[in-house]
Number of protein chains: 4
Amino acid sequence: MPETCRVGIFGATGYTGIELLRLVHSHPRLTLSLIASGESAGRRLGDVVPPTEGIAELGDRVLSSFDPEQVPRFASQMDVAFTALPHTASANIGKALLEAGVRVVDLSADFRLKDPHVYEKAYGPHPAPELLSKAVYGLPELYRSELKDARLIAAPGCYPTSAILPLAPLLAKRLIAPESIIIDSKSGVSGAGRAMKRSSQFCEVAEGVRPYQVAGQHRHIPEIEQELSRQATRPVTVVFTPHLVPMSRGILTVAYAKLAAETKVEELRRVALEMYAQGLVTVLEAGRVPDTLWVRGSARAHVAYALDERAGMVLGMCALDNLTRGAAAQAVQALNAAMGWPDALGLPEMGLFP
Amino acid sequence: MPETCRVGIFGATGYTGIELLRLVHSHPRLTLSLIASGESAGRRLGDVVPPTEGIAELGDRVLSSFDPEQVPRFASQMDVAFTALPHTASANIGKALLEAGVRVVDLSADFRLKDPHVYEKAYGPHPAPELLSKAVYGLPELYRSELKDARLIAAPGCYPTSAILPLAPLLAKRLIAPESIIIDSKSGVSGAGRAMKRSSQFCEVAEGVRPYQVAGQHRHIPEIEQELSRQATRPVTVVFTPHLVPMSRGILTVAYAKLAAETKVEELRRVALEMYAQGLVTVLEAGRVPDTLWVRGSARAHVAYALDERAGMVLGMCALDNLTRGAAAQAVQALNAAMGWPDALGLPEMGLFP
Amino acid sequence: MPETCRVGIFGATGYTGIELLRLVHSHPRLTLSLIASGESAGRRLGDVVPPTEGIAELGDRVLSSFDPEQVPRFASQMDVAFTALPHTASANIGKALLEAGVRVVDLSADFRLKDPHVYEKAYGPHPAPELLSKAVYGLPELYRSELKDARLIAAPGCYPTSAILPLAPLLAKRLIAPESIIIDSKSGVSGAGRAMKRSSQFCEVAEGVRPYQVAGQHRHIPEIEQELSRQATRPVTVVFTPHLVPMSRGILTVAYAKLAAETKVEELRRVALEMYAQGLVTVLEAGRVPDTLWVRGSARAHVAYALDERAGMVLGMCALDNLTRGAAAQAVQALNAAMGWPDALGLPEMGLFP
Amino acid sequence: MPETCRVGIFGATGYTGIELLRLVHSHPRLTLSLIASGESAGRRLGDVVPPTEGIAELGDRVLSSFDPEQVPRFASQMDVAFTALPHTASANIGKALLEAGVRVVDLSADFRLKDPHVYEKAYGPHPAPELLSKAVYGLPELYRSELKDARLIAAPGCYPTSAILPLAPLLAKRLIAPESIIIDSKSGVSGAGRAMKRSSQFCEVAEGVRPYQVAGQHRHIPEIEQELSRQATRPVTVVFTPHLVPMSRGILTVAYAKLAAETKVEELRRVALEMYAQGLVTVLEAGRVPDTLWVRGSARAHVAYALDERAGMVLGMCALDNLTRGAAAQAVQALNAAMGWPDALGLPEMGLFP
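Residues numbered from 1 in each chain as written. Chains lettered and ligands numbered in written order. Predicted model: local features only at pLDDT ≥ 70, side-chain atom pairs only at ≥ 80, totals over all residues. Heavy atoms only, no water.

**What about the overall build of chain A?**
A count of helices and strands for chain A gives eleven helices and 13 strands. The C-alpha atoms of chain A give a radius of gyration of 20 Å, which matches the 20 Å a tight globule of 354 residues would have. Each of the three principal axes of chain A carries a C-alpha extent, and together these read 60 × 45 × 40 Å. A burial count over chain A gives 68% of its 354 residues as buried. On chain A, roughly 10,800 Å² of surface is accessible, and the fraction owed to carbon and sulfur atoms is 52%. With 36 positive and 37 negative side-chain charges, chain A shows a separation of 1 Å between the mean positions of the two kinds. (Helix = DSSP H or I, 4+ residues; strand = E, 2+ residues; numbered from the N terminus. Rg over C-alpha atoms; globule rule 2.2 N^0.38 Å. Buried < 20%, exposed > 50% of the residue type's maximum accessible area, 1.4 Å probe, protein only. Areas by Shrake-Rupley, 256 points an atom, 1.4 Å probe, with all protein chains shown as cover. Lys, Arg positive; Asp, Glu negative; His and termini not counted. Charge placed at Lys NZ, Arg CZ, Asp CG, Glu CD.)

What follows is the structure, given as structure tokens:
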């Protein structure tokens, strides 16, 4: 087991990349060897990401570009690359790095789907379809053994993580019906990324809440269904409704599913506790509900269950920080698992409150 | 038809009461004759509600108490009373005023439920159960003829309004199944009232989202089911999940229901447009989704529909301002209907944006 | 006195233009005859400004362009034009309308400064410098007689209004020294306009506060100094520090000035009450401080004073809504004054709370 | 030098205490041995502070009470106590612990002032005035040598820290005049503590900004003046205006002072860089302004300067997180200094962004 890894971050100035900077900087076994950015290559990090200003080994560092011809140089500088670029771009650099011997943890959507046709429908042709079967889905609580020594890790999407964590144990144990599961998710605005959008302007977001891409339009649906189906070992279909909430970070998901057989809420908790005995998922006591405010900046997700007995309906709930557990921290957790380190190594388990 | 009404507001310093002050103050046919408050009786309004400071006929007014023995005096001063007090207190003063000849529009939960047993389970014994059958549910789009000349009006709850408006047309036309309708609602914090609560403190709310009173616990469920059942002319049961969102005003509801028969989304819109030909409900174009930011401070509600064809599931969506359309403006709209005035008379149709 | 005015709004889809729509729509003597927009010409208003959706005479209206050759047609359709366009563009269309006989209330910076050289330094060459001396500064509490029958009105800037209102009475009565007045202002994000900016993105604003354009850089300084100097009848210089605060609306200004002679805080209030006997400025009781939350959506400004006796320093404080009293409502108030109508006619005096 | 310290936190469930939990939990040389709370003694930490839920050695821990008779037991369990209790209570337990041999870092106002009479005027009689001269003011950048091996450390207040950091270098070098310094500060709501207050309710705070305790009323003024006077080696007086801003964390201070002699902004920076060569203060480049969003959750403060040349006025600006650099992290930093460890040991230098 190597004592430390040299790390490169590709896409270091987006919100996910910035969160990676924060986590890598305080991780005892990771050292930051290279940061790269598309639009900000050549600039001082502190000028683009002021929170790094004044911090030794961060603020004064200069952002690299990531031309393919530089890959050999990159490969000599790093053991692991976190790629957090727009889809397709992420796969391209990821493939090149992988071939050059670098372990790759990809935070885009590029390696999450197993079926290239499904990928193509949502994102267009995949630039490296042969890699899809090699990538390990980076959810350590579910794929710990596959992650061990994995060379290509697909860090899960934020919405999918928030849906999979509460539902996986119930589907695996066949406690709920796999049809027409309704997933109603509420996300902070950082989920839309750092690129400018009218719909991300403060005055268009603050003091309001709204759904978007309802009724089967959102690109995270195939990922959710793929993973839930793997747990259920049969096809699962979902209705997924994302919402934009006036906060920077956090996802709160409430998933509704029909009970498959009479079950008590304590049994729901029990199967979840069993599945999450290891890792970074907290299963709340019966009667409690999760709050994204309790996991802001934390690598942990909170999961809870309730039973609407009149309707025979289970509520599986999850709160997580979309940038931390839903992206950067989960990627580091997956790397920890790949390296054989404890899941929580170097990760903030307790978030900022308030 | 009287040209003007003299109005009293009981509970003028809570958020609903303050919104009533705003609306009554700018209504061309209402004049404010008395404002009363439980805990702030005897104080200048401007000291308790600073937004009224400096406004003629508002800021310098003194808040009355509302002892029962004052009812005869009250009755001589006003034609209409808006009662916006805690439950039971509201029914008590409402009953006395009604008997003294005052028209009463009650904004508490006290006159919304038809069945005193259902009321009792949620709130305890009803202080005037004989009035329940006389009260008209103050949703003008549904009960316009009953509201004409009504003497006792029960202004609907904010969550129920947001659930009933999108679902009523579909249930009335039997386009959706009446079982296991899932209503997932997101509310601003003013819905919790002006009384101090730990869970309403800024630092416990801001930057987070969370469900509460999940799985059949919320007291608005019987009201929702009563009204949806009336529209469906058969029993409707719902799963209701309220959420607290970091914003002051607004409710966004997404209701999920199984399609009863194959239907196009345009047909859903058509039956809604038909039901809402008159009144203050905007049915958005197909493909659009509502946003509470578009109705902040407005008397209008926005309703929209989407169809998840893979799942055969309808999404009925609604955005409204919980204090305006969800409370005070709807109460004034109901009074307008009772008086034979146009629904929108004196009401802000266009809200504050941003 | 004409009973009603037909109104055109140029720049109807920016935040100021949208606020004008709201106010004109509910004004009893104004009828909306034309709405024009640069980038959205030809589109339905409801599609661009969803809060107007479903409202008769608003949502379905189509936005005009404003080519100069259309001015004769515009002139036949309207008595008054509100121009709320970027600087220079506003002056150009304003001049043409004025010459065609339309009364013009301009909400840009184009007609606020008296000296074309001062204008040029901040904004470049003025397109119609001959009009600067004809424009009346649209602050009715200070220029009521000049506004009567005015044909060209320059609606004041939001920051200047918040600085002038508390300071004008003190300078006019020579109660404070005119040098080195420090004006520390905190603004909501809508002040930056509806155009997309990185610094207006939700995640770059929310949960933080920051100054900007400090130490003499902000373009509102000449306007502030011009107006304070007119009140003082001698040159006034200011240090001005604007801040961006995570809220959509509102400006809070605290101005610091040296007492010129020993004075009590009650005397400060007295001269302000005298100056603001008419109009829409509330002078708060001694001991109270203003809050932008008390004037959100209101045409009123709140002014208050405090005295730091140890330092011999006056604090003149002001809260207003930058889009309402700081822009659209003040423009309508100035039109009301020009028409000989009461200042408050058709304007919301009580704002939204919360 | 001891390798590790056992730590007790008194007042672990207030916002400052919770932040201490977060920092101590991830500090490599601190182990948490006891947590105590006044009102929540006997309860599970996870029930009172849900962000600790599920974290080993945190969530399941039970909160102690802190009766004086328990001090001997406490003393045997810990090397250092962080006391974060209301004033007087903090001094009482702090004194007892100190006498029992425990090193004390107090985060209340109890040991910050040197003069018991000044303390008494603001807070009432001091319970242990004899300790005031022994306490070291816990600002490592200014008092590094005194802090070495200090047994009683008074962690500075949040507002004072934000005022002292930008002003201290300028006063020490006599670059600014010591009279009538104006300090205009904007704070997040967590500064008001976790106790319930009407003025801290979400709907009374969100979407607004307001000053409070203006014109010499705020209790932090004596602390600010004491420390600025020590740096200036002559009496300094300040006008201090705190504001409440709708965000949970952060303080932004702009301090205005007259230049004592002609100086360039680069010289201001230079003296600050010199003073802050060691420690956790970032001096931003000339032309940049600080933003609380850049230091959220960070142990670092950002300082910047600007010069208004027309007015001969310096703007000294500072952004920090009131709970981190303004309280808990600064307390740990002071402990680090006392122990001879690097200032940044175990502290988050890069905060959460966004």
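**Some details on the environment of Ala154(D)**
Residue and element names in this part refer to chain D. Here Ala 154 shows up in strand E6 (residues 152–154). Between the alpha carbons of Ala 154 and Asp 106 there is a distance of 5.1 Å; along the sequence they are 48 residues apart. Once residues within four sequence positions are removed from consideration, Ala 154 is found in contact with Asp 106, Phe 111, Arg 112, Val 136, Tyr 137 and Gly 138. (Contact = heavy atoms within 4.5 Å.)

**Topic: unusual backbone geometry**
Cis geometry marks the peptide bond from Phe353(B) to Pro354(B); its omega dihedral reads -5°. With respect to the helices and strands, Pro354(B) occurs in the segment after helix H11 (324–339). With phi around 60°, Ala215(B) is a residue other than glycine that occupies positive phi space. By secondary structure assignment, the location of Ala215(B) is in the loop between strand E8 (210–211) and helix H9 (221–232). One non-glycine residue, Gln213(C), lies in the positive phi region at around 45°. For Gln213(C), the location among the structural elements is in the loop between strand E8 (210–211) and helix H9 (221–232). Residue classification places Gln213(C) among the partly exposed positions, given a relative accessible area of 37%.

**Side note on the pairing of strand E13 (residues 313–320) of chain D**
All names here are of chain D. The element E13 is extensively covered by neighbouring structure, given that eight of its eight residues are classed as buried. On E13, burial covers both faces: Met 313, Leu 315, Met 317 and Ala 319 on one face and Val 314, Gly 316, Cys 318 and Leu 320 on the other are all buried. Pairing between strand E10 (residues 251–258) and E13: eight bridges, direction antiparallel. Bridge pairing in E13 places Val 254 opposite Met 317. Pairing between strand E12 (residues 301–308) and E13: seven bridges, direction antiparallel. Within E13, the residue paired with Asp 308 across the bridge is Met 313. As consecutive antiparallel partners, E12 and E13 are separated by four residues, and within that stretch Gly 312 has a phi angle of approximately 60°, a positive value. (Pairing = 2+ DSSP bridges.)

**Here we look at the nonpolar core**
Phe82(A), Phe82(B), Phe82(C) and Phe82(D) are the most contacted members of the largest nonpolar core, which totals 462 residues. Setting aside residues up to four positions removed in sequence, Phe82(C) forms contacts with Val7(C), Gly8(C), Ile9(C), Phe10(C), Leu20(C), Val24(C), Val105(C), Leu107(C), Ala331(C), Val332(C) and Leu335(C). Formed by 23 residues, the second largest nonpolar core is a distinct cluster that contains Leu34(B), Phe74(B), Ala81(B) and Phe111(B). (Core = buried A, V, L, I, M, F, W, Y, C linked by side-chain atoms within 4.5 Å.)

**With respect to helix H11 (residues 324–339) of chain C**
Residues and elements named next belong to chain C. Between its first and last C-alpha, H11 extends only 20 Å over 16 residues, short of the 22 Å set by a 1.5 Å rise per residue. Along H11, the sharpest change in direction is near 45° and occurs at Gln 330. Where burial is concerned, most of H11 is hidden: 16 out of the 16 residues are buried. Once H11 ends, the next one or two residues include Gly 340, with phi positive near 80°. (Expected span 1.5 Å × (residues − 1). Bend = angle between axes of the 7 residues up to and from the residue.)

**Some points on the pairing of strand E9 (residues 238–244) of chain A**
Residue and element names in this part refer to chain A. Taking burial as the measure, the seven residues of E9 include seven buried ones, the bulk of the element. Burial along E9 is two-sided: the residues Val 238, Phe 240, Pro 242 and Leu 244 and Val 239, Thr 241 and His 243 are all buried. Examined bridge by bridge, strand E7 (residues 181–187) and E9 share seven bridges and lie parallel to one another. Across the sheet, residue Ser 187 finds its bridge partner in E9, namely Leu 244. The pairing of strand E8 (residues 210–211) with E9 spans two bridges and is antiparallel. Paired with Pro 211 across the two strands is His 243, which belongs to E9.

**Structural notes on the pattern of salt bridges**
Under the definition given, this model contains 105 salt bridges over all chains. Residue Arg210(B) is joined to Asp291(A) by a salt bridge in which the shortest nitrogen-to-oxygen separation is 2.9 Å. Here Arg210(B) is found in strand E8, whereas its partner Asp291(A) is found in the loop between strand E11 (281–283) and strand E12 (301–308) on a different chain. Exposure remark for Asp291(A): the relative accessible area of 6% places this residue in the buried category. Glu53(D) serves as the salt-bridge partner of Arg44(D), at 2.5 Å between the closest nitrogen and oxygen. One connected set of salt bridges, linked through shared partners, spans Arg44(A), Asp47(A), Glu53(A), Asp60(A) and Arg288(D). (Salt bridge = Lys/Arg side-chain N within 4 Å of Asp/Glu carboxyl O.)

**Considerations on the interface of chain C and chain D**
Every contact between the two is made by 47 residues of chain C and, on the other side, 48 residues of chain D. At the surface where chain C touches chain D, the tally comes to eight salt bridges. Notably, a salt bridge pairs Arg310(C) with Glu225(D), separated by 2.5 Å at the nearest N-O pair. Run the count over chain C and chain D and you get 21 residue pairs in polar contact (both at pLDDT 80 or more). Within the residue set of the side of chain C that touches chain D, elements represented by two or more residues are strand E7 (181–187), helix H8 (202–205), E8, H9, strand E9 (238–244), strand E10 (251–258), strand E12 (301–308) and strand E13 (313–320) of chain C. Its residues assigned to classes, the side of chain C that touches chain D shows 28 nonpolar, seven polar and twelve charged. (Polar contact = N/O pair within 3.5 Å; in protein donor to acceptor, adjacent residues only side chain to side chain. Nonpolar A, V, L, I, M, F, W, Y, C, P; charged D, E, K, R; others polar.)

**Some remarks on the environment of Pro51(C)**
Residue and element names in this part refer to chain C. Its location among the elements puts Pro 51 in the loop between helix H2 (45–48) and helix H3 (71–77). For Pro 51, a relative accessible area of 2% gives the class buried. Residues Pro 51 and Ala 329 lie 278 residues apart in sequence; the distance between their C-alpha atoms is 18 Å.

**Quick word on the sheet that holds strand E2 (residues 30–36) of chain D**
Residues and elements named next belong to chain D. An order of E2-E1-E3-E4-E6-E5 is seen for the six strands of this open sheet, with the pairing classed as parallel. Across the chains shown, the open sheet's two edge strands, defined by having one partner strand only, are E2 and strand E5 (136–137). On top of the sheet, helix H1 (residues 15–25) reaches strand E1 (5–10), E2 and strand E3 (80–83); it is set at about 165° to E1, its chief contact. (Axes fitted to C-alpha atoms, helices over the stretch in contact; angles between N-to-C directions.)

**Observations concerning the relation of the copies chain C and chain D**
When chain C is fitted to chain D, the residual RMSD is 0.0 Å, and the transformation amounts to a turn of 180° plus an axial shift of 0.0 Å. Here the copies are linked by what is in effect a two-fold axis. Measuring from the rotation axis to each C-alpha of chain C, the shortest distance belongs to Pro246(C), at 3.2 Å. Most of the interface of chain C is mirrored in chain D, where 100% of its interface residues again form contacts. (Least-squares fit on C-alpha atoms with pLDDT ≥ 70 in both.)

**A look at the relation of the copies chain D and chain A**
Structural alignment of chain D on chain A gives an RMSD of 0.0 Å, achieved by rotating through 180° and translating 0.0 Å along the axis. By residue overlap, the copies meet face to face through one surface: 100% of the interface positions of chain D are interface positions in chain A.

**Comments concerning the interface of chain D and chain A**
How large an interface is tends to be reported as the accessible area lost when its parts come together. Between chain D and chain A, the contact holds 34 residues from the first and 34 residues from the second. Between chain D and chain A, a total of about 3,200 Å² is buried, with carbon and sulfur atoms accounting for 67% of that surface. Summed over the three residues of chain D that lose the most area to chain A, namely Met350(D), Leu352(D) and Phe353(D), the buried surface amounts to 24% of that side. At the boundary of chain D with chain A, the tally comes to four salt bridges. Two residues, Glu53(A) and Arg288(D), come together in a salt bridge whose shortest N-O distance is 2.7 Å. On the surface where chain D and chain A come into contact, there are twelve residue pairs in polar contact (both at pLDDT 80 or more). (Buried area = accessible area lost by both parts, 1.4 Å probe.)

**Thoughts on the sheet that holds E9(C)**
Residues and elements named next belong to chain C. Taken together, seven strands build an open sheet; the order of strands is E8-E9-E7-E10-E13-E12-E11 and the sheet is mixed. Across the chains shown, the open sheet's two edge strands, defined by having one partner strand only, are E8 and strand E11 (281–283). Running at roughly 135° to E9, H9 makes contact with E7 and E9 of the sheet.

**Points about the packing of helix H7 (residues 158–172) of chain D against helix H9 (residues 221–232) of chain D**
Residues and elements named next belong to chain D. It is at 9 Å that the axes of H7 and H9 come closest, and there the two elements cross at 20°. In this view, H7 runs roughly parallel relative to H9, as classed from their interaxial angle. As H7 runs across H9, the sense of the crossing is right-handed. Of the residues in H9, those touching H7 at Pro 160, Ala 163, Ile 164, Leu 167, Ala 168, Leu 171 and Ala 172 are Glu 223, Ile 224, Glu 227, Leu 228, Gln 231 and Ala 232. Here the residues of the contact of H7 with H9 sort into ten nonpolar, one polar and two charged. (Parallel < 35°, antiparallel > 145°, perpendicular 65-115°, else oblique. Left-handed = near helix turned anticlockwise from the far one by under 90°.)

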